[in-house]
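Overview (structure and organization)
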There are 2 protein chains.
Amino acid sequence: MRIALDAMGGDRAPAVPVAGAVQAARLYGIEVPLVGRPEVIQAELAKHDTRGLSLPIVPASQVVEMTDHVDAVRARKDASMNVGARLVRRGEADGFVSAGHSGAVMAAALFNIGRIPGIKRPALGTVYPTIPGHCFVLDVGANTECTPLYLLQFALMGSIFMEKIYGLPRPTVALLSNGEEEDKGNLLVRQATPLLKASGLNFIGNAEGKDVPKGLADVIVTDGFSGNVLIKLSEGLVVALGLIIVNELKAGVVGKLALLLAVPGAILALPTLLLSLPALRRIVRRFYYAEFGGAHLLGVNGPVVVAHGRSNVKAIQNAIRVCKESVERDVVGTIREGVKDLPGGEWPQRASQYVDHI
Amino acid sequence: MRIALDAMGGDRAPAVPVAGAVQAARLYGIEVPLVGRPEVIQAELAKHDTRGLSLPIVPASQVVEMTDHVDAVRARKDASMNVGARLVRRGEADGFVSAGHSGAVMAAALFNIGRIPGIKRPALGTVYPTIPGHCFVLDVGANTECTPLYLLQFALMGSIFMEKIYGLPRPTVALLSNGEEEDKGNLLVRQATPLLKASGLNFIGNAEGKDVPKGLADVIVTDGFSGNVLIKLSEGLVVALGLIIVNELKAGVVGKLALLLAVPGAILALPTLLLSLPALRRIVRRFYYAEFGGAHLLGVNGPVVVAHGRSNVKAIQNAIRVCKESVERDVVGTIREGVKDLPGGEWPQRASQYVDHI
């Protein structure tokens with residue numbers, strides 16, 4: 001097994017990606033080709049004990065930075081994310097992981113690997129924490145304008161992901177909407193509903209925003225605009241709630257008293273607090289998709305995982321693990337087969353009423 | 001001042017609305033006409049001390065239930081929400097509040113009062129808690145399909161609301177989007193951007209989901225689909241987080257230990273916990289818009305507030321207060337003047353590319 005890694009991608013590249021690759025190669029016993037500038041990768045590798053590990057360097061002379069425009073992907077043919085994606089196309093790697101500019105990684109994957117035949121648009125999917133465990137939300141940002149057919153295909157891909165990676169036999173699928181009832185939703189959602197009903201997937205109808213953390217469905221399907229608002233709001237709200245609690249406490253006289261008492265109270269409850277810290281950290285991390293091994297670019301004709309730009313070593317390691325699992329469980333091949341059986345072939349014409357500018 | 005109340009609207013009508021009206025009439029010294037079936041309202045009023053209060057009963061023989069279809073508004077001319085809205089049109093009330101079926105209240109307001117001249121679509125707006133305080137989000141559910149012109153008008157209405165009701169001199173306005181940069185967004189957002197820039201409003205660009213609880217802008221403008229997902233996800237996430245924390249603690253050995261220790265820890269920290277309770281309750285309540293006096297139906301040619309179906313007595317009282325403030329500060333009249341000065345008159349033609357089915 002060979003999972004290529006973009007050694008130049010992410011806010012703290014190349015140090016963090018290289019360290020993540022070393023851990024992944026050791027833990028999972030796989031080969032992790034490191035794509036990027038040989039001299040800087042070599043310098044990073046020298047900081048680790050890499051005896052017995054398979055970490056070949058694949059040279060790439062250029063880099064697409066986090067601050068670059070997506071167009072840089074076309075201009076810099078020898079950028080690490082282009083070189084890495086080409087390894088997958090040529091069969092020289094089984095999958096590719098990058099923590100670089102997410103839009104650019106998507107573009108590099110599309111240009112160099114291409115779509116699965118029949119798939120209209122790749123989607124970015126992410127694991128989202130719920131009360132009972134987690135669900136998979138897609139699209140979280142790849143397609144801001146969608147047609148009903150896209151949503152149908154997202155549902156198929158999300159369903160296959162949850163079945164293959166999480167071992168759920170028939171994952172439940174819901175459409176994100178502004179009401180539970182079937183007549184609720186924007187035109188896109190209402191027109192996608194009959195397609196999903198006829199799809200053979202385990203479609204259970206609409207999910208409201210509040211139903212997502214409740215865990216109403218295993219797969220939440222939405223357009224990339226609403227999906228992006230959903231995951232970013234969740235990240236922001238978790239952080240904000242902590243600060244709002246402190247502000248609220250400061251606001252009232254009773255609250256101020258509580259804050260004063262909180263100091264001795266905290267000391268008294270210190271063992272509990274200390275022991276709770278790992279759990280609290282887990283909660284915050286559950287809302288950062290890096291911890292889940294990144295966002296999954298589904299619909300591309302090869303396994304590609306887009307890790308968070310802020311990924312730490314553990315997140316890179318997780319992203320490599322998830323990409324490896326995707327290869328082992330043949331997520332791409334299953335999507336390739338599944339899309340052939342999907343209804344909705346007549347939709348591309350009717351869908352022309354939708355703006356299609358990507 | 002006369003704020004009419006739908007005595008038959010809400011999950012716990014007529015008891016809760018009538019109790020809320022009694023409190024509001026006493027606290028604010030205003031007249032609160034109660035619209036609905038006289039005998040049931042009379043029976044509820046008898047449970048309160050109403051001496052010196054002005055709570056006239058306005059008979060309405062029909063009711064639109066929470067479970068009814070919106071069409072019931074057209075069919076039942078003598079429904080309490082229709083009668084209440086007509087009081088505003090005829091000048092027999094200064095404003096109208098209902099905790100009934102929100103879609104039906106909007107329909108009743110439109111049929112009986114109508115739109116402010118020049119306003120394309122009324123929007124539902126709600127106050128949303130942020131780290132520094134709060135912002136106003138609209139549309140949160142009235143229009144699932146929008147045009148750039150609608151968003152421009154929502155921005156105007158939200159801006160006037162925050163200026164008049166919260167006393168902010170030049171409220172900052174942002175468009176909810178999937179990225180901060182100006183080229184990010186779906187087509188709707190990107191085409192609304194030049195309109196907002198030219199509007200004379202204090203437009204600061206795009207806000208991502210995470211920026212909303214941060215308090216990046218005073219007014220967050222979005223379509224009714226994404227806005228609805230945003231507020232419902234927020235409600236759901238606040239509740240889910242508490243449960244997720246407990247689940248996380250139960251999951252690990254360390255967590256289980258922490259839970260065990262939490263009992264003596266909690267007893268030791270009891271004064272703090274007890275004193276924090278009001279603050280914690282305030283936080284949860286901040287995420288239920290009923291606590292803010294309901295959602296504001298802006299763009300209708302008279303003050304209308306849609307309270308949450310689950311409103312308690314305090315929420316009804318707040319909704320009446322906010323409706324009264326809207327009358328005093330002439331939100332409707334200011335919108336009427338403001339819309340005349342808005343640019344974008346050429347947009348209705350170009351906007352025809354958008355689906356417009358409402």
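Basis of the calculations
Residues numbered from 1 in each chain as written. Chains lettered and ligands numbered in written order. Predicted model: local features only at pLDDT ≥ 70, side-chain atom pairs only at ≥ 80, totals over all residues. Helix = DSSP H or I, 4+ residues; strand = E, 2+ residues; numbered from the N terminus. Buried ≥ 20, exposed ≤ 12 C-beta atoms within 10 Å, placed from the backbone. Contact = placed C-beta atoms within 7 Å. Pairing = 2+ DSSP bridges. Axes fitted to C-alpha atoms, helices over the stretch in contact; angles between N-to-C directions. Parallel < 35°, antiparallel > 145°, perpendicular 65-115°, else oblique. Left-handed = near helix turned anticlockwise from the far one by under 90°. Nonpolar A, V, L, I, M, F, W, Y, C, P; charged D, E, K, R; others polar. Right-handed = clockwise from strand over helix to strand, strands pointing away. Core = buried A, V, L, I, M, F, W, Y, C linked by C-beta atoms within 7 Å.

With that settled, the discussion passes to the overall build of chain A. Each helix and strand counted, chain A has 14 helices and 11 strands in total. Within chain A, the proportion of its 358 residues that are buried is 58%. Within chain A, contacts between residues at least 6 apart in sequence are counted, and of these 72% link residues at least 24 apart.

Once that is clear, we can look at the environment of E39(A). As for its placement among the helices and strands, E39(A) is situated in helix α2 (residues 38-45). Between the C-alpha atoms of E39(A) and A24(A), which are 15 residues apart in sequence, the distance is 21 Å.

Before going further, it helps to examine helix α4 (residues 80-89) of chain A. One full turn of an α-helix is made of 3.6 residues, so residues set three or four places apart face in the same direction. Residues and elements named next belong to chain A. Most of α4 sits out of view: nine of its 10 residues are buried. Those residues of α4 lying buried are S80, M81, N82, V83, G84, A85, R86, L87 and V88. Of the surrounding elements, those touching the buried residues of α4 are β1 (3-6), β2 (34-36), β3 (57-59), α3 (72-75), β4 (95-98) and α5 (102-112).

Turning our eyes to something else, we now look at the sheet that holds strand β7 (residues 172-176) of chain A. All names here are of chain A. The strand order β3-β2-β1-β4-β11-β10-β5-β6-β9-β7-β8 describes an open sheet built from 11 strands, whose pairing is mixed. Of all strands in the sheet, those bounded by a partner on one side alone are β3 and β8 (202-207). Going across the sheet, the axis of each strand differs from the next one's by a mean of 25°, ignoring polarity. In this structure, strand β10 (residues 295-298) lies alongside strand β11 (residues 304-306), joined through two bridges in antiparallel fashion. The residue bridging H296 from the neighbouring strand is V305, located in β11. Strands in contact with helix α7 (residues 187-197) are β7 and β8; relative to β7, the strand with the most contacts, it is inclined by about 165°.

Residue and element names in this part refer to chain A. A13 connects to P14 through a cis peptide bond whose omega is 0°. Position of P14 relative to the elements: it lies in the loop between β1 and α1 (15-28). Here the bond from L138 into D139 is cis, since omega is 5°, no more than 30 degrees from zero. Mapped onto the elements of the fold, D139 is located in the loop between β6 (134-138) and α6 (148-166). For D330, which is not a glycine, the phi torsion comes out positive at approximately 50°. Relative to the helices and strands, D330 resides in the loop between α12 (313-328) and α13 (331-341). When the 14 C-beta atoms within 10 Å are taken as the criterion, D330 is described as partly exposed.

Looking along a regular strand, one sees side chains alternate from face to face of the sheet. Pairing of strand β7 (residues 172-176) of chain B with strand β8 (residues 202-207) of chain B involves five bridges; the strand directions are parallel. Within the sheet, the bridge partner assigned to L175(B) lies in β8(B) and is N206(B).

Looking now at the sheet that holds strand β9 (residues 219-221) of chain B. Residue and element names in this part refer to chain B. The mixed open sheet is built from 11 strands, whose spatial order is β3-β2-β1-β4-β11-β10-β5-β6-β9-β7-β8. This sheet does not close on itself; its edge strands, each paired only once, are β3 (57-59) and β8. Between one strand axis and the next, the sheet turns through 25° on average, direction left out of account. Strand direction decides the pairing type here: β7 and β9, joined by three bridges, are parallel. Following the sheet pairing, A174 is matched in β9 by I220. Relative to the sheet, helix α5 (residues 102-112) contacts β4 (95-98), β10 (295-298) and β11 (304-306), its axis offset from that of β11 by approximately 170°.

To continue, consider the packing of α6(A) against α13(A). Residue and element names in this part refer to chain A. Orientation of α6 relative to α13, taken along the N-to-C sense of each, is 140°, at an axis distance of 10 Å. Taken together, the axis directions place α6 and α13 in an arrangement best described as oblique. The element α6 and its partner α13 pack so that their crossing is right-handed. When α6 is examined against α13, the residues Q153, L156, M157, I160, F161, K164 and I165 are found in contact with a partner set consisting of V331, T334, I335, G338 and V339. When grouped by side-chain class, the residues that make up the contact of α6 with α13 number eight nonpolar, three polar and one charged.

Time to look at the environment of N312(B). Assignment of secondary structure puts N312(B) in the loop between β11 and α12 (313-328). On a C-alpha basis, the gap between N312(B) and G20(B) in space is 7.9 Å, while along the polypeptide they are 292 residues apart.

Okay, the pairing of β1(A) next. Residues of β1(A) alternate between two faces, with I3(A) and L5(A) on one and A4(A) and D6(A) on the opposite face, all of them buried. Tracing the backbone out of β1(A), into α1(A) and back to the parallel element β2(A) gives a crossover that is right-handed.

Of all hydrophobic cores here, the largest spans 221 residues; its most connected members are A21(A) and A21(B). If near-sequence neighbours (up to four positions away) are discounted, A21(B) is found in contact with L5(B), V32(B), L34(B), L55(B), I316(B) and I320(B).

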